[in-house]
Amino acid sequence: MSDISIRREHGKTRAQARKSAEHMAAELKEEFDLDYAWDGDVMSFKRPGVAGELSLDNREVSLEISLGLLLFALKPSIEREVHRFFDENFPA
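Residues numbered from 1 in each chain as written. Predicted model: local features only at pLDDT ≥ 70, side-chain atom pairs only at ≥ 80, totals over all residues. Heavy atoms only, no water.

A.B. asks: Sorry, what's going on with the pattern of salt bridges here?
C.D. replies: Oppositely charged side chains are able to pair whenever their charged atoms sit close together. Here the structure, examined in full by the defined rule, presents 7 salt bridges. Among the salt bridges present, the one from R84 reaches E88, with a minimum N-O distance of 2.5 Å. Highlighted residues: R84 and E88, both in helix 3 (residues 75-89), separated by 4 residues, approximately one helical turn. Under the relative-accessibility criterion, E88 is labelled partly exposed at 44%. By sharing partners, the salt bridges in this structure join E81, R84 and E88 into a single network. (Salt bridge = Lys/Arg side-chain N within 4 Å of Asp/Glu carboxyl O. Helix = DSSP H or I, 4+ residues; strand = E, 2+ residues; numbered from the N terminus. Buried < 20%, exposed > 50% of the residue type's maximum accessible area, 1.4 Å probe, protein only.)

Set out below in structure tokens:
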């Protein structure tokens, strides 16, 4: 089960949604040292204490994040930051 789960309609073409997801991933990599890789329309990412997947389809983008024990205490601030990235890259 995920500790943080977000689903949002993206209102973009699949290519535009992928470009936005890639931009978001590049920012997260730079800011939080997350490694990520694409497998089709699913981007998996990880770093010590965090793992997750971002999935795209024609209508929605969904994000599932699992936090390790040490980061679970920071869940509210991590969740706020993730929502901020979503708001910037996938505005509602």
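A.B. asks: Please explain the nonpolar core as it appears in this structure.
C.D. replies: A general trend in soluble globular proteins is that nonpolar side chains are found buried together. Counting residues in each nonpolar core, the largest one holds 21 residues, and the members touching the most others are M24, L54, L56, L63, I65, F86 and F90. Residue contributions to this core peak at 5 residues, all from helix 1 (residues 14-32). What L56 contacts, discounting residues up to four positions off in sequence, is R14, A17, R18, A21, W38, D41, V61 and F90. (Core = buried A, V, L, I, M, F, W, Y, C linked by side-chain atoms within 4.5 Å. Contact = heavy atoms within 4.5 Å.)

A.B. asks: What should I look at first to understand the sheet that holds strand 5 (residues 60-67) in this one?
C.D. replies: Reading across from one edge, 1-5-4-3-2 is the order of the 5 strands in this open sheet, with antiparallel pairing throughout. Across the chains shown, the open sheet's two edge strands, defined by having one partner strand only, are strand 1 (4-9) and strand 2 (35-39). For this sheet, the mean inter-axis angle between neighbouring strands, taken without regard to orientation, is 15°. Where strand 1 lies against strand 5, 6 bridges are found, and the strand directions are antiparallel. Across the sheet, I6 pairs through a bridge with L63, a residue of strand 5. Contacts from helix 1 reach strand 2, strand 3 (42-47) and strand 4 (50-56), with the element oriented near 160° to strand 2. Helix-sheet contacts for helix 3 involve strand 1, strand 4 and strand 5, and the interaxial angle to strand 1 is about 15°. (Pairing = 2+ DSSP bridges. Axes fitted to C-alpha atoms, helices over the stretch in contact; angles between N-to-C directions.)

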